[in-house]
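Here are the chains, one letter per residue:
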Amino acid sequence: MPGIDECLLEVMSLPGARGAAVVDWTSGLALGTIGDSPTGDHEATAAETAEVARMAAEQPAFARLAAPGDRSTDPPSTPVEDVIVTTHDGYHLLRFVETAFDSSVFLHLWLDRSEGNLALARLRLGELAERLVLA
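Residues numbered from 1 in each chain as written. Predicted model: local features only at pLDDT ≥ 70, side-chain atom pairs only at ≥ 80, totals over all residues. Heavy atoms only, no water.

Within the element layout of this structure, Thr-45 appears in helix H2 (residues 42–58). At 2.6 Å, the side chain of Thr-45 and the side chain of Ser-37 are in polar contact. With residues near it in sequence (within four places) discarded, Thr-45 still touches Ser-37, Pro-38, Thr-39 and His-108. (Helix = DSSP H or I, 4+ residues; strand = E, 2+ residues; numbered from the N terminus. Polar contact = N/O pair within 3.5 Å; in protein donor to acceptor, adjacent residues only side chain to side chain. Contact = heavy atoms within 4.5 Å.)

Written out as structure tokens, the structure reads:
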């Protein structure tokens with residue numbers, strides 16, 4: 001089970017990977033970074049992507065959350081798994097990390113549009129998010 005540093009190294013092995021980070025979306029802080037940042041500043045990018053992650057995760061239109069005592073939804077909640085933002089030259093993948101506690105962490109991958117494979121990157125980020133150990 002990889003920790004943050006090992007996870008980021010593995011993410012950067014994906015074709016077209018420009019940069020990556022593990023970010024806490026409640027604080028906007030980067031817990032780890034590697035490679036380049038779209039803004040040239042990893043901390044600023046972490047704060048900006050945290051806003052997008054928070055907006056997606058907290059909106060009922062995207063994440064159907066059961067009310068306390070409500071047994072009518074099956075499954076009880078369907079949280080957002082990931083967010084993909086497409087730009088003219090790249091993709092930004094935000095993959096939420098589920099943990100046993102109330103997790104507010106996501107993986108952010110900045111992927112070159114001409115060299116990267118969006119489908120492969122999405123699958124690999126999902127696998128890494130499942131194995132990531134946050135200590």
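There's plenty left to go through after this.
Okay, the environment of Arg-95 next. Position of Arg-95 among the secondary structure elements: in strand E6 (residues 90–97). Classification of Arg-95 by relative accessible area gives buried; the value is 13%. A sequence separation of 33 residues divides Arg-95 from Leu-128, and the C-alpha atoms of the two residues are 9.4 Å apart. At 3.3 Å, the side chain of Arg-95 forms a polar contact with the side chain of Asp-82. (Buried < 20%, exposed > 50% of the residue type's maximum accessible area, 1.4 Å probe, protein only.)

The next thing to look at is empty space enclosed by the protein. Rolled over the atoms, a probe as big as a water molecule pinpoints where empty space is left. Per the stated rule, a full pass over the model turns up 1 cavity of 30 Å³ or more. Each pocket or cavity is described by its volume, and for the largest cavity that value is around 80 Å³. Residue lining of the largest cavity: 15 residues in total, with Ala-20, Ala-21, His-42, Thr-45 and His-108 positioned closest to the centre. Secondary structure elements with two or more residues in the lining of the largest cavity: strand E1 (17–24), strand E2 (29–35), H2 and strand E7 (105–112). Of the residues assigned to the lining of the largest cavity, the class counts are 7 nonpolar, 7 polar and 1 charged. (1 Å grid on protein atoms, 1.4 Å probe; cavity = no way out; pocket = protein on both sides within 12 Å on 5 of 7 lines; lining within 4 Å. Points joined across faces, edges and corners; volume = space filled by probe spheres on them. Nonpolar A, V, L, I, M, F, W, Y, C, P; charged D, E, K, R; others polar.)

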